[in-house]
Amino acid sequence: MADRTAQTLDVDDRFSLTWAGATDQGRRRDTNQDAFLAEYPLFVVADGMGGHAGGEIASKSTIDRLKSVVESGTVDAESIESALALAVKDIASHPETTDEGTGTTLTGVFIDVAADPPRWVSLNIGDSRVYLLRDEQLVQITTDHSVVQELIASGRLSPEEAEGHPYSNVITRAVGASELFAPDYLGIEVHDGDRFVICSDGLTKELTDYGIQHFLRQHPDPSGAVDAMLDAALENGGRDNVTLIVVQVTEHSPSTES
């Protein structure tokens, strides 16, 4: 049974956001080690890893700490990194953290309201992804922190060869029990009609970029797009936990005085 959320919010007199998110255990996993947070102004997905309950501990600890950041009212790179440092301590001190490989990916976007005008900022640690659909073109905003991506970047592996590579699940950065890597950040202007997809690799293992774009085009509402992509990922095998958030921007038309 998937855990879902959906909401619409008027940010100010310039634009509003509509978003939906869902996470599902998938068809082959015994537990769900994914977690997500979709609360303005922060939208993130964490994909846990590690033996026993390690992955679930890592993703939940990270999301709980970031939820506190949202509740504090100040979401920026500094507050996010402070929260992640606390999450690392939480993971390391948890009595069920028994595996040195315990950790979690983290990826997503937040609205930087201190900027004038406000802008999006993407953040990423690991191989979960942020996509942006703008003007009918889908672009992967984040760069995977993985062995396979490093091989592609060095020219030793083609994107086609990366499919099914034995190291496809090996990541090079994580929020873990022993160390913390700062996220990669990228600023993005707020643009009418933009749609972000934030997802764990449980989605991208089962859907190509073309498939993601197809479902976004077929379903203009974020809730419909999330449900359609989740259902497709499960129908295509659901080999991993599947988590995704879709966030849509709608600019308000300027009012005209008579």
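Residues numbered from 1 in each chain as written. Predicted model: local features only at pLDDT ≥ 70, side-chain atom pairs only at ≥ 80, totals over all residues. Heavy atoms only, no water.

**So, the overall build of the chain**
Thought 1: Counting its secondary structure elements, the chain contains seven helices and 13 strands.
Thought 2: Within the chain, buried positions represent 51% of all 258 residues.
Thought 3: Residue pairs at least 24 apart in sequence account for 67% of intrachain contacts in the chain once pairs closer than 6 positions are excluded.
Thought 4: Put simply, the chain shows about 12300 Å² of open surface, and 46% of that area lies on carbon and sulfur atoms. (Helix = DSSP H or I, 4+ residues; strand = E, 2+ residues; numbered from the N terminus. Buried < 20%, exposed > 50% of the residue type's maximum accessible area, 1.4 Å probe, protein only. Contact = heavy atoms within 4.5 Å. Areas by Shrake-Rupley, 256 points an atom, 1.4 Å probe, with all protein chains shown as cover.)

**A short note on the environment of A83**
Thought 1: For A83, the position within the fold is in helix 2 (residues 77–93).
Thought 2: When the C-alpha positions of A83 and V69 are compared, they lie 7.0 Å apart, and in sequence the two are 14 residues distant.
Thought 3: Leave out the neighbours within four places in its chain, and A83 touches R65, L66 and V69.

**Quick word on the side chain of T142**
Thought 1: For T142, the position within the fold is in the loop between strand 9 (137–140) and helix 3 (147–153).
Thought 2: Those residues within four positions of T142 in sequence are excluded, and the remaining contacts are T107, L123, N124, S128, R129 and V130.

**Some words on the sheet that holds strand 2 (residues 15–24)**
Thought 1: Pairing within the open sheet is antiparallel, and its six strands lie in the order 1-2-13-12-8-9. Looking at strand neighbours, the two that pair on one side only are strand 1 (3–10) and strand 9, the edges of this open sheet. Averaged over all adjacent pairs, the angle separating strand axes in this sheet is 15°, with direction ignored.
Thought 2: Across ten bridges, the pairing between strand 2 and strand 13 (residues 242–251) is antiparallel. What sits directly across from W19, in strand 13, is V247.
Thought 3: Across the face of the sheet, helix 7 (residues 222–235) comes into contact with strand 1, strand 2, strand 12 (195–199) and strand 13 while running at roughly 155° to strand 13. (Pairing = 2+ DSSP bridges. Axes fitted to C-alpha atoms, helices over the stretch in contact; angles between N-to-C directions.)

**Examining the side chain of D194**
Thought 1: Relative to the elements of secondary structure, D194 occurs in the loop between strand 11 (184–189) and strand 12.
Thought 2: Not counting chain neighbours up to four residues away, the residues in contact with D194 comprise L132, L133, R134, E189, V247, Q248 and V249.

**Some points on the nonpolar core**
Thought 1: V197, L203, I212, L216, M229 and L244 are the most contacted members of the largest nonpolar core, which totals 23 residues.
Thought 2: Of all elements in the fold, only strand 2, strand 8 (129–134), strand 12, helix 6 (209–218), helix 7 and strand 13 reach the threshold of two or more residues within this core.
Thought 3: For this core, the element with the most residues is helix 7, which contributes eight residues.
Thought 4: The residues contacting I212, other than those within four sequence positions of it, are Y131, L138, V197, L203, T204, L207 and M229.
Thought 5: In this structure, A46, V70, A83 and I125 belong to the second largest nonpolar core, which totals 22 residues. (Core = buried A, V, L, I, M, F, W, Y, C linked by side-chain atoms within 4.5 Å.)

**Some thoughts on the pattern of salt bridges**
Thought 1: A full pass over the atoms with the stated rule returns 15 salt bridges.
Thought 2: Between R4 and D227 there is a salt bridge, with the nearest N and O atoms lying 2.7 Å from each other. Taken together, the residues span a long stretch of sequence, with R4 in strand 1 and D227 in helix 7 at a distance of 223 residues.
Thought 3: Of the charged contacts in the structure, one is a salt bridge between E206 and R239, with a shortest N-O distance of 2.9 Å. Placement of E206 in the loop between helix 5 (201–204) and helix 6 and of R239 in the loop between helix 7 and strand 13 is noted, with a sequence separation of 33 residues between them.
Thought 4: One network of salt bridges, in which partners are shared, links R29, D201, K205 and D240. (Salt bridge = Lys/Arg side-chain N within 4 Å of Asp/Glu carboxyl O.)

**Structural notes on helix 7**
Thought 1: In a regular helix each residue adds 1.5 Å, so 14 residues correspond to 20 Å; helix 7 covers 20 Å between its end C-alpha atoms and thus fits that length.
Thought 2: Within the span of helix 7, buried status applies to P222, A225, V226, A228, M229, L230, A232, A233 and L234.
Thought 3: Looking at the buried side of helix 7, the elements it contacts are strand 1, strand 2, strand 12, helix 5, helix 6 and strand 13.
Thought 4: Measuring from the side-chain oxygen of the N-cap residue of helix 7 to the backbone nitrogen of S223 gives 3.0 Å; that N-cap residue is D221.
Thought 5: G237 sits one or two residues past helix 7 and shows a positive phi near 140°. (Expected span 1.5 Å × (residues − 1). Polar contact = N/O pair within 3.5 Å; in protein donor to acceptor, adjacent residues only side chain to side chain.)

**A closer look at helix 1 (residues 54–72)**
Thought 1: In this model, helix 1 (19 residues) spans 27 Å end to end at C-alpha, consistent with the 27 Å of a helix rising 1.5 Å per residue.
Thought 2: Turning to helix 1, its buried residues number three or more, namely G54, G55, I57, A58, S59, S61, T62, I63, L66, V69 and V70.
Thought 3: Buried residues in helix 1 make contact with strand 3 (34–39), strand 4 (42–49), helix 2, strand 5 (103–104), strand 6 (106–112) and strand 10 (175–176).

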